[in-house]
Amino acid sequence: MAPLPQRLGYGPDDRLLIISAAGLGGSHAMNEGVYAALRDGLATTGTLLVPCPWAREAAARFRGEDIGVALTLNAEFALYRWGPVTYAPSLLDGNGGMPATVTDVWDHADLDEVRRECRVQIERAILWGFDVTHLDSHLDVLSVRPEFFDVYLELAVEFGLPVRLISSDARRQLGFPAEELVTSAGVATPDRVVRIPPGTIGRYRRIEALLDSLEPGLTELQLQPAADLPELRSLTAEWGSRVEDLLHLRDNAELRAHIERSGIRLVGYRELREMQRSGTG
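Residues numbered from 1 in each chain as written. Predicted model: local features only at pLDDT ≥ 70, side-chain atom pairs only at ≥ 80, totals over all residues. Heavy atoms only, no water.

### Some details on unusual backbone geometry
Trans peptide bonds make up most of the peptide bonds, and negative phi angles are found at most residues other than glycine. A positive phi is found at Leu 139, a non-glycine position, where the angle reads about 60°. Residue position: Leu 139 is located in the loop between β4 (132-137) and α6 (146-159). Judged by relative accessible area, which is 39%, Leu 139 ranks as partly exposed. Positive phi values are uncommon outside glycine, yet Asp 140 reaches one of about 65°. Relative to the elements of secondary structure, Asp 140 occurs in the loop between β4 and α6. Owing to a relative accessible area of 16%, Asp 140 belongs among the buried residues under this scheme. (Helix = DSSP H or I, 4+ residues; strand = E, 2+ residues; numbered from the N terminus. Buried < 20%, exposed > 50% of the residue type's maximum accessible area, 1.4 Å probe, protein only.)

Below you can see the structure in the form of structure tokens.
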């Protein structure tokens, strides 16, 4: 099969980069940050958390941006809760929402309830008016265990959507051939995924290092931009890194210049989706 850039209409040795802004719908501050990064900054795609309380506001502010659905089975914040959008008792913990940890989901979730919940999350995003471009798995809960991965891949095929796999370094430790399964199902996915988790120190140096070492093919860089609002500071101790992500994506002129000098081409998931649906993915 031809290299992914070539199938997308670029040269086989081109270096393509998706810059992903995660967290849309998670809070008002996250909505502010993701949309600012997409509209005024370098982000080329975002991901929506459908069950979260601010997802409806995110839908009301949607203007056609490249947005995927982050299939959500966890509510990881201790003091900020959300629950499933379907009747799914196995996707609730004792604290008024979805489980806080992925281990809790893996240990107790009924796969039929998982499948129904995830399908309805996609359908609800479409009903709200989103032109859904891809699927992601919030906290990787669907990406790591084979029985959950089967649900993830099944929905990607059903809706004709690309998927994001776990970070490139972690794929070698999965114990099952995720990339081969995705490819054989005709589902598109980036060659590599790099995440800089909230709280990581030296974020700009990490981004620069990625740009300088970027290989031919399609790489995705995932960040979590958010506006510096009291809401965000009360939500998580890692608020500073999320604000920093927004500053780099929207206001860092050197980062923009670095990308332009390097010859890296910025793309979104919509191109990947159209390639998949055309049957060339």
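Text resumes after the structure shown.
### Some thoughts on the packing of aromatic side chains
Tallied over the full model, the rule gives six aromatic pairs. Here the aromatic rings of Phe 77 and Tyr 80 are separated by 6.2 Å at their centres, their planes lie at 40°, and the arrangement is tilted. Overall, the relative accessible area of 11% leaves Phe 77 in the buried class. Following the ring pairs from residue to residue traces out a cluster consisting of Phe 77, Tyr 80 and Trp 82. In this arrangement the basic side chain of Arg 39 is found over the ring face of Tyr 35, its NZ or CZ atom lying 4.1 Å from the centre. (Phe/Tyr/Trp six-rings, centres within 6.5 Å; stacked < 30°, edge-to-face > 60°. Lys NZ or Arg CZ within 6 Å of the ring centre and 35° of its normal.)

### Some words on the environment of Arg 192
By the secondary structure assignment, Arg 192 is in strand β5 (residues 192-195). For the pair Arg 192 and Glu 57, spaced 135 residues apart in sequence, the C-alpha separation works out to 31 Å. Not counting residues within four places of it along the chain, the set of residues in contact with Arg 192 comprises Ser 168, Arg 171, Glu 215, Pro 216, Gly 217, Leu 218, Thr 219 and Glu 220. Side-chain polar atoms of Arg 192 contact the backbone oxygen of Pro 216, separated by 2.9 Å. For Arg 192, the side chain forms a polar contact with the side chain of Thr 219, separated by 3.1 Å. (Contact = heavy atoms within 4.5 Å. Polar contact = N/O pair within 3.5 Å; in protein donor to acceptor, adjacent residues only side chain to side chain.)

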